[in-house]
Amino acid sequence: MVSSARVWEALTGKETARMTYGSFVTSVAFSPDGKYVVSGSQDGTARVCDAITGNEIARMTHDGPVRSVSFSSDGKYVVSGSQDGFARVWEAATGKEVTRLASSGVVAFSPDGKYVISGRSVWNAMTGNEIARMTFFYPVLPLAFSPNGKYVVSGSGVTAQVWEALTGKEVAHMNHESPVNSVAFSPDSKYIVSAGGSVALVWDASTGNEVTRMTHDSQVWSVAFNPDGKYVVSGGEDQTARVWDAATGNEVARMTHESLVTSATLRAWHLTCWM
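Residues numbered from 1 in each chain as written. Predicted model: local features only at pLDDT ≥ 70, side-chain atom pairs only at ≥ 80, totals over all residues. Heavy atoms only, no water.

A separate point is the overall build of the protein. Counting its regular elements, the protein contains zero helices and 28 strands. For a compact globule of 275 residues, the expected C-alpha radius of gyration is about 19 Å, and the protein comes in at 17 Å, within 12% of that figure. Taken along the three principal axes of its C-alpha coordinates, the protein extends 45 × 45 × 30 Å. Just so you have it, the protein exposes about 11,100 Å², and 47% of that area is on carbon and sulfur atoms. Of the charged side chains in the protein, 22 are positive and 26 negative, and the gap between their average positions amounts to 4 Å. (Helix = DSSP H or I, 4+ residues; strand = E, 2+ residues; numbered from the N terminus. Rg over C-alpha atoms; globule rule 2.2 N^0.38 Å. Areas by Shrake-Rupley, 256 points an atom, 1.4 Å probe, with all protein chains shown as cover. Lys, Arg positive; Asp, Glu negative; His and termini not counted. Charge placed at Lys NZ, Arg CZ, Asp CG, Glu CD.)

Next comes the structure, spelled out in C-alpha cells:
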C-alpha cells in the first residue's frame, strides 16, 4: 500500500510537498524552524525530509513499526517510539542513534530538549535515566509536554489528564465520551486540545473545564494548536484536515485527502498531514 506525508498551505489548501512511503505513515512533526519534517511509518523507519522539496535527509530504523516521532527544540535530535519496545533518540542530520529508552509508543521532547516522555515515564534524553512516572488506569496513547516544560498531558481511555512533569503528580482531569486519540497544549500552556470520537475539545489546563468544541463527520485522530494559539488543526476519518478558530470553534479552512487523515500539525501557515 502506498502512503504519503504531505505539506500544505493551511489557509489555501495548496499542496507544497509530498513524501511517498511503501507502508502506512503513522506520525509526522515539523522541526522548530519549519524547514524539515520527520515522519514515522509502519515499515519501521523514521525519516527526516526537507519540508519544501520532500527530499529525504536521514533515515532511522527500528525493529518494529514506528508509532510516534518528535523533534527536539533545537532541531538537532529526533525521538521515535516503536512497537519494538524501545524509544530512541537520534541525530536528526545523520540518523545516528544517541539513546535507547526501555519504553515504546508515543514520544515527545520537553521544550528544553533535556527530557523525553514515553509510555508512563519522563526520561533524561541523553542518559536514558527515568525521572518521573505517572499512574494511568488504561494504556496511554497520546502524550505531550507543555511549552513551559512544567506539565505533561496524556490521553488514557476516555480521559485526558495533566501532570507535573518532574513529579508525576496529577493536576487536572478531563472526561471524553470516547477514547482519546490525540492531545496538545496551547503555546502559552494555558489550554489543551484533545480529540475523541468525532469531536475535538479545547480545555482550561488548570481546571479541566471545557472551553470550545469542534465536530467532524466521524472519528478525529489528531489535533494541534498553531504557534500563536489562535487556531486548532484536526485530522479525521472523514478524510479531511480542518483548521478551526480555537476561541469560537468556527471552521476556518478544510483540506481533503483520498483516505482518512491520521495526523496533522500546523506550523505558521503551513499544514502537514498524512494518511
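Don't stop here, the text continues.
Before going further, it helps to examine the sheet that holds strand β9 (residues 87-91). In spatial order, the strands read β7-β8-β9-β10; together these four strands make up an open sheet with antiparallel pairing. The strands lining the two open edges of the sheet, one partner per strand, are β7 (66-71) and β10 (97-101). Across the sheet, the axes of successive neighbouring strands diverge by a mean angle of 20 degrees, strand direction being ignored. One ladder, built from four bridges, connects β9 with β10; its direction is antiparallel. Directly across from Trp90, in β10, lies its bridge partner Glu97. (Pairing = 2+ DSSP bridges. Axes fitted to C-alpha atoms, helices over the stretch in contact; angles between N-to-C directions.)

A word on the pattern of salt bridges. This structure, assessed with the given rule, holds 14 salt bridges. Of the charged contacts, one joins Arg59 and Glu56 as a salt bridge, the two residues approaching to 2.9 Å between their closest N and O atoms. Exposure remark for Glu56: the relative accessible area of 37% places this residue in the partly exposed category. The salt bridge partner of Arg133 is Glu130, with a shortest N-O separation of 2.9 Å. On the basis of relative accessibility, which here comes to 54%, the residue Arg133 falls in the exposed class. Salt bridges here are not isolated pairs; linked through shared partners, they connect Asp63, Asp84, Arg88, Glu97 and Arg100. (Salt bridge = Lys/Arg side-chain N within 4 Å of Asp/Glu carboxyl O. Buried < 20%, exposed > 50% of the residue type's maximum accessible area, 1.4 Å probe, protein only.)

Mapped onto the elements, Ile52 comes out in the loop between β5 (45-50) and β6 (56-61). Overall, Ile52 belongs to the exposed group, its relative accessible area being 60%. Taking C-alpha positions, Ile52 is 19 Å from Val69, a pair spaced 17 residues apart along the chain.

Evaluation of the coordinates by the stated rule reveals zero aromatic pairs. Over the ring of Phe86 we find Arg100; its NZ or CZ atom is 5.4 Å from the centre of that ring. (Phe/Tyr/Trp six-rings, centres within 6.5 Å; stacked < 30°, edge-to-face > 60°. Lys NZ or Arg CZ within 6 Å of the ring centre and 35° of its normal.)

The subject of this paragraph is the side chain of Ser70. Take Ser70: it is sitting in strand β7. In this view, Ser70 contacts Ala29, Val38, Tyr77, Val78, Val79, Val107, Ala108 and Phe109; residues no more than four positions away in its chain are not counted. (Contact = heavy atoms within 4.5 Å.)

A few words now on the pairing of β7. Within β7, five of the six residues are buried, leaving the element largely enclosed by the surrounding structure. Bridging between β7 and strand β8 (residues 77-82) involves five bridges; their strand directions are antiparallel. Of the residues in β8, the one forming a bridge with Phe71 is Val78. In textbook terms, the turn of a hairpin is the stretch between consecutive antiparallel strands, and for β7 and β8 this stretch comprises five residues, one of which, Gly75, has a positive phi near 75 degrees.

On to the sheet that holds strand β4 (residues 36-41), then. If you walk across this open sheet you meet the four strands as β3-β4-β5-β6, and the pairing is antiparallel. Both outer strands of the open sheet, β3 (25-30) and β6, are each paired with one neighbouring strand and no more. Between one strand axis and the next, the sheet turns by 15 degrees as a mean value, whatever way the strands run. Sheet topology places β5 next to β6; five bridges connect them, and they run antiparallel. By the bridge assignment for β6, Thr45 is matched with Thr61.

Looking at where Thr212 falls in the secondary structure, it is placed in strand β22 (residues 210-215). Looking at Thr212, the relative accessible area reads 4%, which means it is buried. Leave out the neighbours within four places in its chain, and Thr212 touches Ala200, Leu201, Val202, Ala246, Ala247, Thr248 and Gly249.

The backbone of Ser189 sits at a positive phi, close to 70 degrees, despite the residue not being glycine. Residue class for Ser189 comes out buried when judged on its relative accessible area of 9%. Phi angles above zero are rare outside glycine, and Gln239 is one such case at about 70 degrees. With respect to the element layout, Gln239 can be found in the loop between β24 (231-236) and β25 (240-245). Taking the relative accessible area as the measure of exposure, Gln239 reaches 32% and is therefore partly exposed.

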